[in-house]
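Architecture at a glance
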Amino acid sequence: MRIKDIKKDALASLKGRWGIAILLMIITYAIYLIVPIAAEIIASGGFGAWVNQESIPAAAGLSTVVSLAFAPLLFSLYWVFLDMRRGREVTIGSLFSNLSGMMYIKMLGLYLLVTIYTVLWSLLLIIPGIIKGLAYSQTYFILKDNPGIVLNDAITQSRKLMDGYKGKYFLLNLSFIGWGLLCILTLGIGFIWLAPYITASLASFYQRLIENRDAQMAAALE
């Protein structure tokens, strides 16, 4: 599984869909970043108070809770990009249809569980925390394909799926640093295109992982 091929798949999935991909990114991050800030400003007594006071515990706490509440929206975004990778039609509504009922609760629970495990490993040393973060990276995609799965089982499946591929995943993310620096030179405008490209590449990585796994299982049965 070559990084070049993963990126090629990502660009192919975005062909003719750049508009909807960019719009999905803007809507998602506008909600995820702006709403918690607005909540903190309101809780601190208005914009003037928020600007003049360095920290208000209640306002910061509210902002954290709101950010947590909207975390599943980020994972829904990844799901939509996975659907794009699989050639399915997606709309803005697809972003929110994943968040209905029990699935929202499971996404939130999985986020908390992964965060707790990663932090606990990081308390040992930074490197083990990073390695475990890489190992857990596919949990949200696994939940999409297995909506009835037990949360700990999703984490276990991710660890197994990433066995032998953690370095590849790390290098895939690292390969975008050059593009990121160029985007900074454009005063951030370039991130409008880079963010969908990265997200599509992560979805393509997962798709390649499960295709490789299924091929190995089929070969073992022959």
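Fair warning: this is a prediction, and the values are worked out from it, not measured in the lab.

**What to know about the overall build of the chain**
Per the secondary structure count, the chain includes 12 helices and zero strands. Starting at the N terminus, the α and β elements of the chain follow one another as α-α-α-α-α-α-α-α-α-α-α-α. Classification of the 222 residues of the chain by burial places 40% in the buried group. The contacts in the chain between residues at least 6 apart in sequence include a share of 73% that link residues at least 24 apart. Total accessible area computed for the chain in this model is approximately 12000 Å², and 69% of it derives from carbon and sulfur atoms.

**Focus on unusual backbone geometry**
With the exception of glycine, most residues fall at negative phi, and the peptide bonds are largely trans. If you check the backbone angles, Leu-187 has positive phi at about 65° while not being a glycine. Exposure remark for Leu-187: the relative accessible area of 78% places this residue in the exposed category.

**Looking at the packing of helix α10 (residues 166-174) against helix α12 (residues 191-221)**
In a pair of packed helices, the angle between the axes and the distance between the axes together describe the arrangement. Direction vectors running N to C along α10 and α12 enclose 160°, while the axes themselves pass 11 Å from each other. Judged on the interaxial angle alone, α12 and α10 are roughly antiparallel. Relative to α12, the crossing made by α10 is right-handed. Along its contact with α10, which presents Lys-168, Tyr-169, Leu-172 and Asn-173, the element α12 presents Ser-201, Leu-202 and Phe-205.

**Overview of a nonpolar patch on the surface**
Together, Phe-170, Leu-171, Leu-174, Ile-177, Leu-181, Ile-184 and Phe-191 line one region of the surface with nonpolar side chains, adding up to about 650 Å² of accessible area. The set of elements that each furnish at least two residues to the nonpolar patch consists of α10 and α11 (177-185). Its location among the elements puts Ile-177 in helix α11.

**Things to note about the side chain of Lys-7**
Mapped onto the elements of the fold, Lys-7 is located in helix α1 (residues 3-14). There is no salt bridge for the buried Lys-7, and the closest opposite charge comes from Asp-5, which lies 12 Å off by N-O distance. Excluding anything up to four places from it in sequence, Lys-7 contacts Leu-172, Ser-175, Phe-176, Tyr-197 and Ser-201.

**Comments concerning the packing of aromatic side chains**
According to the stated counting rule, one finds seven aromatic pairs in the structure shown. Summarising the aromatic geometry, the rings of Phe-176 and Tyr-197 are spaced 5.2 Å apart at their centres and angled 90° between planes, so their arrangement reads as edge-to-face. Note that Phe-176 is positioned in the loop between α10 and α11 and Tyr-197 in helix α12, a separation of 21 residues in sequence. Every member of this aromatic cluster is reached through a ring pair, and the members are Phe-75, Tyr-111 and Tyr-140. Lying over the aromatic face of Phe-176, Lys-7 brings its terminal NZ or CZ to 4.4 Å of the ring centre.

**Regarding the layout of surface pockets**
Of the pockets and cavities examined, the largest pocket occupies roughly 380 Å³. What lines the largest pocket is a set of 18 residues, among which Phe-75, Tyr-78, Ser-137, Tyr-140 and Tyr-169 lie closest to the centre. Those elements giving two or more residues to the lining of the largest pocket turn out to be α4 (57-85), α6 (101-124), α7 (126-135), α8 (139-145) and α10. It is α6 that contributes the most residues to the lining of the largest pocket, four residues altogether. Its residues placed into classes, the lining of the largest pocket shows 12 nonpolar, six polar and no charged.

**Quick word on the side chain of Ser-201**
By the element assignment, Ser-201 lies in helix α12. With residues near it in sequence (within four places) discarded, Ser-201 still touches Ile-6, Lys-7, Ala-10, Leu-172 and Phe-176.

**As for the pattern of salt bridges**
Using the criterion set out here, one finds eight salt bridges in the structure. For Arg-2, the salt bridge is made with Asp-5, and the minimal N-O distance between the two is 2.9 Å. Judged by its relative accessible area of 18%, Asp-5 falls in the buried class. One salt bridge in this structure joins Arg-86 and Asp-145, with 2.9 Å as the shortest N-O distance.

What counts and what doesn't
Residues numbered from 1 in each chain as written. Predicted model: local features only at pLDDT ≥ 70, side-chain atom pairs only at ≥ 80, totals over all residues. Heavy atoms only, no water. Helix = DSSP H or I, 4+ residues; strand = E, 2+ residues; numbered from the N terminus. Buried < 20%, exposed > 50% of the residue type's maximum accessible area, 1.4 Å probe, protein only. Contact = heavy atoms within 4.5 Å. Areas by Shrake-Rupley, 256 points an atom, 1.4 Å probe, with all protein chains shown as cover. Axes fitted to C-alpha atoms, helices over the stretch in contact; angles between N-to-C directions. Parallel < 35°, antiparallel > 145°, perpendicular 65-115°, else oblique. Left-handed = near helix turned anticlockwise from the far one by under 90°. Patch = residues over 30% accessible without salt bridge, like charges linked within 9 Å, V, L, I, M, F, W, Y side chains within 5 Å. Salt bridge = Lys/Arg side-chain N within 4 Å of Asp/Glu carboxyl O. Lys, Arg positive; Asp, Glu negative; His and termini not counted. Phe/Tyr/Trp six-rings, centres within 6.5 Å; stacked < 30°, edge-to-face > 60°. Lys NZ or Arg CZ within 6 Å of the ring centre and 35° of its normal. 1 Å grid on protein atoms, 1.4 Å probe; cavity = no way out; pocket = protein on both sides within 12 Å on 5 of 7 lines; lining within 4 Å. Points joined across faces, edges and corners; volume = space filled by probe spheres on them. Nonpolar A, V, L, I, M, F, W, Y, C, P; charged D, E, K, R; others polar.

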